[in-house]
Amino acid sequence: MKTSLSVGFTRKLALTHAAVCVLIAACSAPAAPPAAPTASSTAVPSATARIPTPLQLDLIDRWIEVDLEYQRVRLHEGQQVIATYAAATGVPGDPATATTPGVYFVVEMEKGPIENVPGVFVADIVLFDRQNGVGLHSMPMDASGKVLDSRLGQPITAGCVRVENSAAVFEFAKVGMWVYVH
């Protein structure tokens, strides 16, 4: 189980689930499972949707890349990188704190800020790994918005991806968009 930011993040998302559903209108069960995204589709993939391989992601209109080695988040339009931001990911070597590589899709978004542990807030939350409570978000801050830890470029989180310009990533992201973590 995740500790620190991720545990509070998951709990807070559960508490604010109804509010998030109203904001993004993505939680009501569809009549039929949505199709997997194609180059021209923005449908939210179902649990049984065929997950694209990293090489196939270039065929999708827009997607997000999380590079664990270089601690970067890249925003893609097809094969073109349109923005790159410094990031801090989970500490490898421990399943409770690692950011798990894989191909995911955005499942929820919350502008925030939300208090994910007492006294610690994050904003611009783009949740992509619901099972582990992992997503992209702002740097942690206090209630007044003062950044509590501005470190980037190294694995230091409890699994989430802290992003330099979280507002730009939040603006780019959409529910159903693919996220490739490697």
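*Asks:* What am I meant to see in the overall build of the chain here?
*Replies:* For the chain, the helix and strand inventory stands at 3 helices and 11 strands. Counting over 182 residues, the chain shows a buried share of 49%. Long-range contacts, defined here as pairs at least 24 residues apart, represent 59% of the contacts in the chain between residues at least 6 apart. On the chain, roughly 8,900 Å² of surface is accessible, and the fraction owed to carbon and sulfur atoms is 58%.

*Asks:* How should the pattern of salt bridges be read in this particular structure?
*Replies:* Side chains that differ in sign of charge can pair as their charged atoms come close. Applying the stated criterion across every chain yields a total of 7 salt bridges. A salt bridge links Glu77 to Arg62; its shortest N-O distance comes to 3.0 Å. Separated by 15 residues along the polypeptide, Glu77 in strand E2 (residues 72-77) and Arg62 in strand E1 (residues 62-67) bring together distant segments of the chain. With a closest N to O distance of 3.6 Å, Asp149 and Arg162 form a salt bridge. Taken as a pair, Asp149 in the loop between strand E9 (134-137) and strand E10 (161-163) and Arg162 in strand E10 lie far apart in primary sequence, 13 residues in all. Summarising the burial analysis for this pair, Asp149 and Arg162 share the class buried.

*Asks:* In this structure, what is going on with the confidence of the model for the chain? I would like to understand it.
*Replies:* Regions with low pLDDT carry predicted coordinates that are not meant to be interpreted in detail. Taken over all residues, the pLDDT of the chain has a mean of 78, while the share at 70 or more is 69%. Within the model, the stretch residues 1-48 combines pLDDT values under 50 with 85 contacts to residues more than four positions away or in other chains.

*Asks:* Would you mind showing me how to read the sheet that holds strand E11 (residues 178-181) here?
*Replies:* Strand pairing in a sheet takes place through backbone hydrogen bonds and is either antiparallel or parallel in direction. Across the sheet, 9 strands lie side by side as E4-E11-E1-E2-E3-E10-E9-E8-E5; this open sheet has mixed pairing. The sheet is open, and its two edges are formed by strand E4 (102-105) and strand E5 (108-110), each paired on a single side. Taken over all neighbouring pairs, the strand axes of this sheet differ in orientation by 25 degrees on average, direction set aside. Examined bridge by bridge, E1 and E11 share 4 bridges and lie parallel to one another. Along E11, the bridge assignment pairs Ile64 with Val179.

*Asks:* Mind showing me how you'd approach the nonpolar core here?
*Replies:* One recurring pattern in soluble globular proteins is that nonpolar side chains are buried together. Ranked by size, the top nonpolar core spans 25 residues in total, and within it Val73 and Leu136 carry the most contacts. Sorting the residues of this core by element identifies E1, E2, strand E3 (80-88), strand E8 (125-129), E9, E10, helix H3 (166-172) and E11 as the ones contributing at least two each. Setting aside anything within four residues of it in sequence, one finds Leu136 in contact with Val66, Val73, Asp124, Ile125, Val126, Phe128, Val161, Val163 and Val169. Counting 9 residues, the second-largest nonpolar core is a separate cluster that includes Leu57, Val103, Phe105 and Val107.

Calculation criteria
Throughout this description, residue numbers start from 1 for each chain and increase along the sequence as written. It should be noted that, the model being predicted, local features are given only for residues of pLDDT at least 70 and side-chain atom pairs only at 80 or more, the latter also being counted only at that level, while totals for whole chains, interfaces and linings use all residues. Based on all heavy atoms of the structure, the side-chain values leave hydrogens and waters out of the count. Only DSSP runs of H or I reaching four residues or more are called helices, and only runs of E reaching two or more are called strands; each is numbered from the N terminus. For every residue, the accessible area (1.4 Å probe, protein chains only) is compared with the maximum for its type, and the residue is labelled buried under 20%, exposed over 50%, or partly exposed between those bounds. Note on contacts: a residue pair is in contact if any heavy atoms of the two residues lie within 4.5 Å. Using the Shrake-Rupley algorithm and a 1.4 Å probe, accessible areas are obtained, with residue cover drawn only from the displayed protein chains. A side-chain nitrogen of Lys or Arg and a carboxyl oxygen of Asp or Glu constitute a salt bridge if their distance falls within 4 Å. The predictor reports its confidence for every residue as pLDDT, a score running from 0 up to 100. One bridge is not enough; two strands pair if DSSP finds at least two bridges between them. An axis is simply a line fitted to the C-alpha atoms; with a helix, the fit covers only the stretch in contact. Between two such axes, the angle follows the N-to-C directions and lies from 0 to 180 degrees. The nonpolar core is taken to be a set of buried Ala, Val, Leu, Ile, Met, Phe, Trp, Tyr and Cys residues, with the residues joined through side-chain atoms within 4.5 Å.

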